[in-house]
Amino acid sequence: RCRQGASCVGAQAVENLHDDRGVSLVLINLEELSLDDNPALAVDIAVVVENCPHTLLKLSVDNTALFGDGEAVAWGAVGALEVLSLRGNPGLAMNIVRAVETLPASLKELFLRDTNCYGVGVDAPWARLENLEWVHIDGSKITGTEDELEAVLPDGCYAFVDKQDSAALPPTSLLPSC
């Protein structure tokens, strides 16, 4: 089982979402939850978020069978969230304008690459996410060029979209480590 105040990854984290009887559990004081690279994990994003503690800083559910309408998620339940990574989940859809209206204002990194998220990126109220540093929407249905998005994103925030110009990327020393 995961320890309080620690990070959980993979199957260990899945075990913590439900006990042996399928009863949902609350993960008290958890700061990071990674359910990445688990193609058998078919769960609605709303269920994942409602089972996360308010202390969560990073939620990563990349390359799973995650599905659902991101607009129906009670994002306020994870109000301290700084990193949201939902890459590689084509069953996930949400309008980027409505998502940005409700995502936690504490968000620093948003990864929606290779999802079915959609909408006009420049119409989203990005200013409310004043701490935002990275937005990855390449492979999604969100429209807008890198230049158009960076003009409306908070100062210092970088956008990664399809067909990006590598000359416009920040120096690799500024990219987050993996």
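Every value quoted in this text rests on a predicted model; they were computed, and no experiment measured them. (Residues numbered from 1 in each chain as written. Predicted model: local features only at pLDDT ≥ 70, side-chain atom pairs only at ≥ 80, totals over all residues. Heavy atoms only, no water.)

## A word on the side chain of S106
Relative to the assigned elements, S106 resides in the loop between helix 3 (96-102) and strand 7 (109-111). In this structure S106 comes out as buried when scored by relative accessible area, which is 19%. There is a polar contact of 3.0 Å between the side chain of S106 and the backbone oxygen of G79. The residues touching S106, leaving out its near neighbours within four places in the chain, are G79, A80, L81, E82 and N131. (Helix = DSSP H or I, 4+ residues; strand = E, 2+ residues; numbered from the N terminus. Buried < 20%, exposed > 50% of the residue type's maximum accessible area, 1.4 Å probe, protein only. Polar contact = N/O pair within 3.5 Å; in protein donor to acceptor, adjacent residues only side chain to side chain. Contact = heavy atoms within 4.5 Å.)

## Regarding a nonpolar patch on the surface
A contiguous nonpolar surface patch, about 180 Å² in accessible area, is contributed by V120, V122 and V152. The residue V122 is located in the loop between strand 8 (118-120) and strand 9 (134-136) in this model. (Patch = residues over 30% accessible without salt bridge, like charges linked within 9 Å, V, L, I, M, F, W, Y side chains within 5 Å. Areas by Shrake-Rupley, 256 points an atom, 1.4 Å probe, with all protein chains shown as cover. Salt bridge = Lys/Arg side-chain N within 4 Å of Asp/Glu carboxyl O.)

## Focus: the confidence of the model for the chain
With 76% of its residues at a pLDDT of at least 70, the chain reaches an overall mean of 84. A low-confidence stretch, residues 9-15 (pLDDT under 50), is modelled with 14 contacts involving residues beyond four sequence positions or located in other chains. Across residues 164-169 the pLDDT falls below 50, and counting only partners more than four positions away or on other chains, this stretch makes six contacts in the model. (pLDDT = per-residue confidence, 0-100.)

## A few points about unusual backbone geometry
Phi angles above zero are rare outside glycine, and D37 is one such case at about 55°. Relative to the assigned elements, D37 resides in the loop between strand 2 (32-34) and helix 2 (45-50). The exposed category is assigned to D37, whose relative accessible area is 57%. Here the phi dihedral of N63 falls at roughly 55°; this positive angle occurs in a residue that is not glycine. Relative to the helices and strands, N63 resides in the loop between strand 3 (58-60) and strand 4 (67-69).

## Topic: the environment of P39
Within the secondary structure, P39 sits in the loop between strand 2 and helix 2. Spatially, the C-alpha atom of P39 lies 5.5 Å from that of A65, the residues being 26 residues apart in sequence.

## A word on the pattern of salt bridges
Within this structure, the stated rule accounts for four salt bridges. Across the salt bridge formed by R98 and E71, the nearest N and O atoms sit 3.1 Å from each other. Here the residue R98 occupies a position in helix 3, and E71 occupies one in the loop between strand 4 and strand 5 (83-85), the gap between them amounting to 27 residues. The class for R98 is partly exposed, based on a relative accessible area of 43%. Given a relative accessible area of 23%, E71 falls into the partly exposed group. Here the salt bridges do not stand alone but share partners, grouping R113, D114 and D138 into one network.

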